[in-house]
Amino acid sequence: MSQQSLTTTPAGAQGAGGGGALPRGSRLGAEKLFRGLATAAGSTVLVIIVAIAAFLIVQAVPALRADSENFFTFQSWFANDDPPKFGIAAIAFGTVLTSALALIMAVPVALGIALCLTHYAHRRVASTLGFFIDLLAAVPSVVFGLWGRDYFRGPVGDFSKFLHDHFGWIPLFGGGGPYGNSILLGSIVLAIMVLPIVTSLSREVFAQTPAQNEEAALALGATKWEMIRTAVLPYGKPGIIASVMLGLGRALGETIALALTLGAVYNVSFDLLGTGGNTIAANIALKFAEANPTGRSALIASGLVLFAITLVVNMTARAIVYRRREFVGGAA
C-alpha cells in the first residue's frame with residue numbers, strides 16, 4: 001500500500017500543475033491550436049494562388065472575346081485598336097528564349113563558384129566572396145537594366161559583330177546589325193541577375209554533403225574532382241535542380257531589366273544579335289500605361305499565360321525532385 005502511494009503521488013502532484021507538466025487536456029488543446037494555425041497558414045498559400053488565377057481569368061476573358069486574331073499564334077500587339085488584334089506567340093517565345101539562354105550561361109558558372117567556395121577556396125576567401133555574391137542578389141533589377149543599356153551595350157555590340165563576322169553562317173549569329181538592344185544583351189544581363197540565386201542555393205546544398213561520403217571517396221584513392229563528381233554532385237542533384245528552377249522563375253518574371261535591354265520587337269526568331277525580341281513581363285511594363293480597358297485586359301491575359309508557364313515549370317521541378325527522394329533519404 002505504501003509503495004503504491006509512493007508511485008502514484010508524484011504523478012498526481014504533476015497532474016495538479018504544481019510546477020510539473022501541463023495537464024493532458026491543456027496539452028491536447030495547445031496541440032489542436034497549433035495544428036489549426038499551421039493548417040491555416042499552409043492553406044493560405046493555396047487560397048492566394050487560386051485567387052490570383054481567378055482574378056487573371058476573369059479580367060482576361062473580355063479581351064480574349066474581343067480579339068480578332070488567334071491569341072496563341074498571332075505575333076503582333078495592337079490591343080488598343082478597334083477591333084483589337086494581339087497575340088502571345090512572339091512575347092511567349094521571347095520569354096522562354098531569354099530565360100533559357102540566361103540559364104545556359106549562368107548555371108555552369110554558378111555551380112563552379114559554389115564548388116570553389118565550398119571545396120577549394122580558403123575559408124576567409126570563401127566567406128568574403130559569398131558575402132559579395134549575396135550582395136549582388138540585392139541589387140535592384142532597374143540598376144542592372146540601366147547598366148546593361150548605358151554601359152554594357154557597347155561591349156556586347158562589339159562581341160556581336162565578332163560573332164557575326166566569324167560565325168555568321170550559324171542562324172543564331174546571322175543578324176547583320178545594328179548591334180544595340182538585342183536578345184543577346186538581355187540574356188547576358190538576365191544571366192548576371194540569376195547567377196547569385198543559383199550560386200547561393202547550390203553553395204548551401206554542397207556544404208550539406210555528409211563528410212563521411214567525401215572521406216570515403218578520398219580514402220579509396222579518388223582525386224578532389226573525382227570525389228566531387230561521385231560524392232558531392234550526386235548528393236546535391238535535387239538541390240541543384242531546385243536552385244535552377246528558382247533561377248528560372250526569376251528569369252521568367254523579370255521585367256524592368258529586359259524592358260531596358262531588349263528591342264521590344266514582336267517576332268519569332270532565333271537571331272540573337274539583331275534588334276528585336278520581347279517578353280511577356282517587359283511587354284506589360286511597356287504597354288500598361290498607354291493601354292485602354294481592352295488593352296489592359298489583353299495584358300492581363302498575357303500575364304495569365306506567364307502564370308501558367310511558371311506553374312508548369314515549378315510542377316516539373318517538383319516532379320523531378322520527388323523522383324530523387326529515395327536517393328536523398330538514403331544519403332541523409
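Just so you know, these numbers come straight off a predicted model, no measurement behind them.

**Student:** Kindly report on the overall build of the protein, identifying the contributing residues and their values.
**Tutor:** If you tally the helices and strands in the protein, you get 12 helices and 2 strands. Along its sequence from the N terminus, the protein presents helices and strands in the succession α-α-β-β-α-α-α-α-α-α-α-α-α-α. The buried share of the protein, taken over its 332 residues, is 37%. Restricting to contacts in the protein with at least 6 residues of sequence separation, those with at least 24 account for 72%.

**Student:** How would you explain the environment of Gly87 if you had to name every residue and give the values?
**Tutor:** With respect to the helices, strands and loops of the structure, Gly87 is situated in the loop between strand S2 (85-86) and helix H3 (89-120). With relative accessibility at 2%, the residue Gly87 sits in the buried group. Residues Gly87 and Phe74 lie 13 residues apart in sequence; the distance between their C-alpha atoms is 4.3 Å. Not counting residues up to four positions away in its chain, the partners in contact with Gly87 are Asn70, Phe71, Phe74, Ser76 and Trp77.

**Student:** Lay out the layout of surface pockets in plain terms, naming residues and giving numbers.
**Tutor:** One way to see where empty space is left: roll a probe the size of a water molecule over the atoms. Of the volumes computed, that of the largest pocket is approximately 190 Å³. What lines the largest pocket is simply Leu117, Thr118, Ala121, Arg123, Ala126, Ser127, Arg203, Glu204 and Ala207. At the level of elements, H3, helix H4 (123-137) and helix H6 (183-207) are the ones that each hand at least two residues to the lining of the largest pocket. Taken together, the residues of the lining of the largest pocket break down into 4 nonpolar, 2 polar and 3 charged.

**Student:** I'd like a description of the pattern of salt bridges, backed by residues and values.
**Tutor:** Considering all chains together, one arrives at 6 salt bridges under this definition. The salt bridge involving Glu204 is made with Arg203; its shortest N-O contact spans 3.8 Å. Owing to a relative accessible area of 14%, Arg203 belongs among the buried residues under this scheme. Across the salt bridge formed by Glu254 and Arg250, the nearest N and O atoms sit 3.5 Å from each other. Through salt bridges that share partners, Asp134, Arg203 and Glu204 make up one connected network.

**Student:** Let's hear about the packing of H4 against H6: which residues, and what values?
**Tutor:** Their axes nearest at 8 Å, the elements H4 and H6 cross at an angle of 135°. In terms of orientation, H4 lies oblique with respect to H6. Relative to H6, the crossing made by H4 is left-handed. Contacts from Gly130, Ile133, Asp134, Leu136 and Ala137 of H4 reach H6 at Ile192, Pro196, Thr199, Ser200 and Arg203.

**Student:** Go over a nonpolar patch on the surface with me, naming the residues and quoting the values.
**Tutor:** The grouping of Val142, Val143, Leu146 and Ile256 at the surface amounts to a nonpolar patch, some 280 Å² of accessible area in total. Element by element, the count of residues in the nonpolar patch is highest for helix H5 (residues 141-167), at 3 residues. The topology assignment puts Leu146 in helix H5.

**Student:** Residues and numbers for the confidence of the model for the protein, please.
**Tutor:** When pLDDT is averaged across the protein, the result is 84; 89% of the residues are at 70 or more. For the stretch residues 327-332, pLDDT sits under 50, and the model shows 6 contacts to residues farther than four places along the chain or on other chains.

**Student:** Go over the side chain of Ser297 with me, naming the residues and quoting the values.
**Tutor:** Following the sequence through the fold, Ser297 ends up in helix H11 (residues 293-323). For Ser297, the residues in contact, after removing those within four places along its chain, are Gln59, Ala60, Pro62 and Ala63.

**Student:** Any chance you could break down H3 for me, citing the residues and the numbers?
**Tutor:** Because an α-helix packs 3.6 residues into every turn, residues spaced three or four apart end up facing the same way. Its 32 residues give H3 an end-to-end C-alpha distance of 45 Å, which sits within 8% of 46 Å, the value for a rise of 1.5 Å per residue. Roughly 30° is the biggest bend found in H3, and it falls at Ala106, with proline Pro108 one to four residues downstream.

**Student:** Can you break down the UniProt feature "transmembrane region" (unreviewed entry) in the protein residue by residue, with the values?
**Tutor:** UniProt feature "transmembrane region" (unreviewed entry): in the numbering of this structure it lies at residues 33-58, 86-117, 129-147, 179-198, 239-266 and 298-317. Spanning residues 129-147, this segment combines 84% helix with 0% strand, and its end C-alpha atoms are found 22 Å apart. For the annotated span residues 179-198, helix accounts for 80% and strand for 0% of the residues, and the straight-line distance between the end C-alpha atoms is 29 Å.

Scoring rules and cut-offs
- Residues numbered from 1 in each chain as written.
- Predicted model: local features only at pLDDT ≥ 70, side-chain atom pairs only at ≥ 80, totals over all residues.
- Heavy atoms only, no water.
- Helix = DSSP H or I, 4+ residues; strand = E, 2+ residues; numbered from the N terminus.
- Buried < 20%, exposed > 50% of the residue type's maximum accessible area, 1.4 Å probe, protein only.
- Contact = heavy atoms within 4.5 Å.
- 1 Å grid on protein atoms, 1.4 Å probe; cavity = no way out; pocket = protein on both sides within 12 Å on 5 of 7 lines; lining within 4 Å.
- Points joined across faces, edges and corners; volume = space filled by probe spheres on them.
- Nonpolar A, V, L, I, M, F, W, Y, C, P; charged D, E, K, R; others polar.
- Salt bridge = Lys/Arg side-chain N within 4 Å of Asp/Glu carboxyl O.
- Axes fitted to C-alpha atoms, helices over the stretch in contact; angles between N-to-C directions.
- Parallel < 35°, antiparallel > 145°, perpendicular 65-115°, else oblique.
- Left-handed = near helix turned anticlockwise from the far one by under 90°.
- Patch = residues over 30% accessible without salt bridge, like charges linked within 9 Å, V, L, I, M, F, W, Y side chains within 5 Å.
- Areas by Shrake-Rupley, 256 points an atom, 1.4 Å probe, with all protein chains shown as cover.
- pLDDT = per-residue confidence, 0-100.
- Expected span 1.5 Å × (residues − 1).
- Bend = angle between axes of the 7 residues up to and from the residue.
- UniProt positions renumbered as here; feature names shortened; annotations may be inferred.

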